[in-house]
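The residues making up each chain are set out below.
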Amino acid sequence: MTSAHAIASDVRAGARRASDVLEDFLGRIEMHDGDVHAFNTVTADQARAAAAAIDAAVDEGRDPGPLAGVPVAFKDNLCTRGVATTCSSRMLEGWQPPYDATVVQAMTAAGAVMIGKTNLDEFAMGSSTEHSAFGPTRNPHDLARVPGGSSGGSAAAVAAGFAPLALGSDTGGSIRQPASLCGIVGIKPTYGRVSRYGLVAFASSFDQIGPFAADVADAALALGVISGHDPADSTSIPAAVPDFEAALGRGVEGLRVGVISELTGSGRNGAATGGPGTAGAAGEVLDGIDADVTERVHEAADALADAGATVGRVSVPAVTYGLTAYYLIAPAEASSNLARYDGTRYGLRVDGADVEEMNRLTRRAGFGDEVKARIMLGTFALSAGYYDAYYGKAQRVRMLTRRDFDAAYADFDVLLSPTSPCVAFRFGERADPMTMYRCDTCTIPSNLSGDPAMSVPFGIGAEGLPVGVQVLAPALGEEPMLTVAAALERAAPPLPAPPLSTVADPTEGA
Amino acid sequence: MGDGTAISSEQVAHVARLARIELTPDEIEHYTGHLGRVLEHAGELEDLDLADVPPLAHPYPLSNVFRDDVAGSPVDRDEVLSQAPAASGGQFEVPPVLGEEA
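The rules behind each value
- Residues numbered from 1 in each chain as written.
- Chains lettered and ligands numbered in written order.
- Predicted model: local features only at pLDDT ≥ 70, side-chain atom pairs only at ≥ 80, totals over all residues.
- Heavy atoms only, no water.
- Helix = DSSP H or I, 4+ residues; strand = E, 2+ residues; numbered from the N terminus.
- Buried < 20%, exposed > 50% of the residue type's maximum accessible area, 1.4 Å probe, protein only.
- Contact = heavy atoms within 4.5 Å.
- Areas by Shrake-Rupley, 256 points an atom, 1.4 Å probe, with all protein chains shown as cover.
- Lys, Arg positive; Asp, Glu negative; His and termini not counted.
- Charge placed at Lys NZ, Arg CZ, Asp CG, Glu CD.
- Core = buried A, V, L, I, M, F, W, Y, C linked by side-chain atoms within 4.5 Å.
- Disulfide = S-S within 2.5 Å.
- Pairing = 2+ DSSP bridges.
- Axes fitted to C-alpha atoms, helices over the stretch in contact; angles between N-to-C directions.
- Phe/Tyr/Trp six-rings, centres within 6.5 Å; stacked < 30°, edge-to-face > 60°.
- Patch = residues over 30% accessible without salt bridge, like charges linked within 9 Å, V, L, I, M, F, W, Y side chains within 5 Å.
- Salt bridge = Lys/Arg side-chain N within 4 Å of Asp/Glu carboxyl O.
- Polar contact = N/O pair within 3.5 Å; in protein donor to acceptor, adjacent residues only side chain to side chain.
- Buried area = accessible area lost by both parts, 1.4 Å probe.
- Expected span 1.5 Å × (residues − 1).

Undergrad: How do you make sense of the overall build of chain B when you look at a structure like this?
TA: If you tally the helices and strands in chain B, you get 3 helices and 2 strands. In sequence order, chain B lays out its α and β elements as α-α-α-β-β. Across its three principal axes, chain B shows a C-alpha extent of roughly 55 × 45 × 25 Å. Scored against the burial criterion, the 102 residues of chain B give a buried share of 29%. Considering only contacts within chain B whose residues lie at least 6 apart along the sequence, 37% involve residues at least 24 apart. Split by element, the accessible area of chain B, about 6,800 Å² in all, is 50% carbon and sulfur. If the 5 positive side-chain charges of chain B are averaged to one point and the 20 negative ones to another, these points end up 7 Å apart.

Undergrad: Please explain the nonpolar core as it appears in this structure.
TA: One broad trend across soluble globular proteins is that nonpolar side chains are buried collectively. Membership of the largest hydrophobic core comes to 95 residues, with the highest contact counts inside it found for Met107, Leu304, Leu416, Met454 and Leu482 of chain A. When residues of this core are assigned to their parent elements, the largest contribution, 8 residues, is made by helix H7 (residues 216-226) of chain A. Setting aside anything within four residues of it in sequence, one finds leucine 304 of chain A in contact with Val252, Val257, Ala309, Val311, Leu416, Val484, Ala487 and Leu488 of chain A. Core analysis: the next-biggest nonpolar cluster, separate from the first, contains 68 residues, Ala330 and Val371 of chain A together with Leu35 and Ala42 of chain B among them.

Undergrad: So what exactly am I meant to see when it comes to the state of the cysteines here?
TA: Throughout this description, disulfide means a covalent bond between two cysteine sulfur atoms. Residue and element names in this part refer to chain A. All chains considered together, the criterion is met by 0 disulfides over all chains. With no disulfide partner, cysteine 79 has as its closest neighbouring cysteine sulfur the one in cysteine 87, 7.5 Å distant. We classify cysteine 79 as buried; its relative accessible area is 2%. In this structure cysteine 442 is not part of a disulfide, and its nearest cysteine sulfur, from cysteine 422, lies 9.4 Å away.

Undergrad: Just checking my understanding: could you explain the sheet that holds strand E10 (residues 453-460) of chain A for this structure?
TA: Residue and element names in this part refer to chain A. A sheet is described by the order of its strands in space; here 11 strands give the open sequence E1-E3-E2-E4-E6-E5-E10-E11-E9-E7-E8, paired in mixed fashion. Of all the strands in the sheet, just strand E1 (39-42) and strand E8 (310-314) have a single pairing partner and so form its edges. Adjacent strand axes in the sheet meet at a mean angle of 30° when their direction is disregarded. Examined bridge by bridge, E1 and strand E3 (residues 113-118) share 3 bridges and lie antiparallel to one another. Looking at E3, one finds that threonine 41 is bridged to lysine 117. Together, E1, strand E2 (71-75) and E3 form the strand contacts of helix H2 (residues 18-36), whose direction differs from that of E3 by roughly 20°. Against the sheet, helix H8 (residues 291-306) contacts strand E7 (256-260), E8, strand E9 (414-418), E10 and strand E11 (466-472), and its axis sits at roughly 150° relative to E9.

Undergrad: Before we go on, may I ask you to explain the packing of aromatic side chains in this structure?
TA: Here a ring pair, both rings aromatic, is described through the centre-centre distance and the interplanar angle of the planes. Residues and elements named next belong to chain A. Counted under the stated rule, the structure contains 15 aromatic pairs over all chains. Here tyrosine 341 and phenylalanine 367 contribute two aromatic rings whose centre-to-centre distance is 6.3 Å and whose plane-to-plane angle is 90°, an arrangement assigned as edge-to-face. Taken as a pair, tyrosine 341 in the loop between helix H9 (319-337) and helix H10 (355-366) and phenylalanine 367 in the loop between H10 and helix H11 (369-381) lie far apart in primary sequence, 26 residues in all. With centroids separated by 5.2 Å and ring planes inclined at 55°, the aromatic side chains of tyrosine 387 and tyrosine 391 adopt a geometry described as tilted. The class for tyrosine 387 is partly exposed, based on a relative accessible area of 36%. Members of the aromatic cluster, joined through ring pairs, are Trp95, Phe123, Tyr341, Tyr346 and Phe367.

Undergrad: Would you take a moment to explain a nonpolar patch on the surface for this structure?
TA: Together, Val94, Val97 and Leu98 of chain B make up a nonpolar patch on the protein surface, roughly 300 Å² of accessible area in all. Its place among the elements puts leucine 98 of chain B in the segment after strand E2 (91-92).

Undergrad: How do you make sense of the side chain of glutamine 208 of chain A when you look at a structure like this?
TA: Residue and element names in this part refer to chain A. Its location among the elements puts glutamine 208 in strand E6 (residues 208-213). Taking the relative accessible area as the measure of exposure, glutamine 208 reaches 0% and is therefore buried. Polar side-chain contacts of glutamine 208 include one of 3.1 Å to the backbone nitrogen of valine 194. What glutamine 208 contacts, discounting residues up to four positions off in sequence, is Gly168, Ser169, Asp170, Ile175, Lys188, Pro189, Thr190, Tyr191, Gly192, Arg193, Val194 and Arg196.

Undergrad: Would you mind going over the pairing of E11 of chain A with me for this structure?
TA: Each regular strand carries side chains that alternate between the two faces of the sheet. Residue and element names in this part refer to chain A. Of all 7 residues in E11, 7 are buried, a share of seventy percent or more. The side-chain alternation of E11 yields two buried faces, one formed by Pro466, Gly468, Gln470 and Leu472 and the other by Val467, Val469 and Val471. With 4 bridges connecting them, E9 and E11 associate as antiparallel partners. From the neighbouring strand, serine 417 faces E11, where its bridge partner is glutamine 470. Pairing analysis gives 6 bridges linking E10 to E11, with the strands arranged antiparallel. Opposite methionine 454, over in E11, you have valine 471 as the bridge partner. Connecting E10 to the next strand, E11, in antiparallel fashion are 5 residues, including glutamate 463 with a positive phi near 55°.

Undergrad: Mind showing me how you'd approach the interface of chain A and chain B here?
TA: When the parts come together, some accessible area is lost, and that loss is often what is quoted as the size of the interface. Chain A puts 71 residues into the contact, and the matching count from chain B is 54 residues. Taken over both partners, the interface formed by chain A and chain B buries close to 5,700 Å², and the fraction arising from carbon and sulfur atoms is 67%. It is Arg364, Met376 and Arg396 of chain A in chain A that bury the most area against chain B; as a group they hold 12% of the surface buried on that side. Our enumeration of links across chain A and chain B arrives at 5 salt bridges. Here aspartate 432 of chain A ties to arginine 37 of chain B by a salt bridge, and the two come within 2.5 Å at their closest N and O atoms.

Undergrad: Please explain the environment of leucine 304 of chain A as it appears in this structure.
TA: Turning to its location among the elements, leucine 304 of chain A is positioned in helix H8. Spatially, the C-alpha atoms of leucine 304 of chain A and alanine 394 of chain A are 35 Å apart, while their sequence positions differ by 90 residues.

Undergrad: It is not clear to me how H11 of chain A should be interpreted in this structure. Could you clarify?
TA: Counting along an α-helix, one turn takes 3.6 residues, and residues three or four places apart therefore face a common direction. In this model H11 of chain A runs 18 Å from its N-terminal to its C-terminal C-alpha over 13 residues, within 8% of the 18 Å that 1.5 Å per residue would give. Where H11 of chain A is concerned, the buried positions are Glu370, Val371, Lys372, Ala373, Arg374, Ile375, Met376, Leu377, Gly378, Thr379, Phe380 and Ala381 of chain A.

As structure tokens, this is what we get:
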């Protein structure tokens, strides 16, 4: 598989044509996406025109940018002008936005070539892509298993070699968890680091856009391209964008790494290591996080210690309540954001005798089961008589999470935990809503706090499936996060390639 | 909360009306179970003493976010209306809001 770095370098130097690169990837999609179903739409014609324009620029001596000729897949909740943006919902089937998301503009301005729009759980509500109105995406490592979600299509696209880069959105773990299950790198940046203008809103105080890539260097490259202040997003942070790639080569010597006790079971890297912060009151250890996953996290911590980091255990007690708080706040925000789908301005309309009947019938037909459930849950949590007990209390837990992280970061530069409590599971295995929601146990705390976090592959777990380790950092702490992620990548045991890639590559030997 | 059933089917029917989602009686039962399972889990927050903890609505507070008062380029009206279920005369078209007699 060719990295984004290698493609851009070759295309800029005139050593490879963007058009040839594109055809290689389109060939792989043609051959394998019938099995994987990573894409809702493959934008082949548009991509061919864009690649030809990149090649023309190179021919004329102009530099197309740091992503010259790199095919990129966009999650289908990112607005792309004139290209269907469905959110994998019947509600928006066929809708063509009148503008591009800021991240789409940024990627194409850097020379990237949009290759398609990827599948997701409807309106990004889910952890498996099983809730897509257009059918699930399958995990390239095992087609009988989910790729995670909600950005399952973007994760699967990169894992299957359909694109070197993809963008997704992360509201409760929707970038990191599928990255973990698909054996690739996924970053949720600091809330506000990347503009959300043109991201179809789910839960506005959590939503954040970030990149997927096969390695940390490519993910850092894409992160640099999409980061930065945007006047079109009032939550966008007016801070300078660091050189993220420069952080990759820094050593971890002297960095203080805390393993989150509540998310890693008992046992290793305990108080005996004598790291800072180990005196903190130990919180409750959460059930339901598989031993094959926590074992990889402890191995990752050991590897960092071997590389010179100071490793200790740290308690972040509020993470045990994060899931509950999130599943009240996020549906509440969703119930408000999704009120706009009323059959008036875009998407589906089912006619009714009056406007209100049109609203009810449109929303009945347009939304899937999980989306309806979350809208109603959020409406209930915000309704008179229940607001304080549910939404109000959840917001206080959110503050508790913020405080507990602040305390942890007084003693540690970065934290480690599993990304997902388990490896990729089989379709239908987590049909019960609470069982599905627990997929987000380890990722939600960073959405509550707004801090950056990312998933890095680190070995395999049950049945040879990929395990991701989560690296968490304080707000705007992407640099130490990437330094640690790069060190973990260097120390990680090799991951078996998805079986798909062993199928004859149409571009080889042709 | 606390009485074993976190939400009743009557409450679900009410919430569905508020959220403007048409549901059949069978679907109301289905969502009563679904929401009930989540809300029962939410009961764990009852035991937390949060009296001294203020609510947090937004993870990275910014205030007074202004931009220069200059005209931007709006999205194209015809492009927007071309995606609407019904439009005429440069406007979105909807069924009667107040009934035919209004």
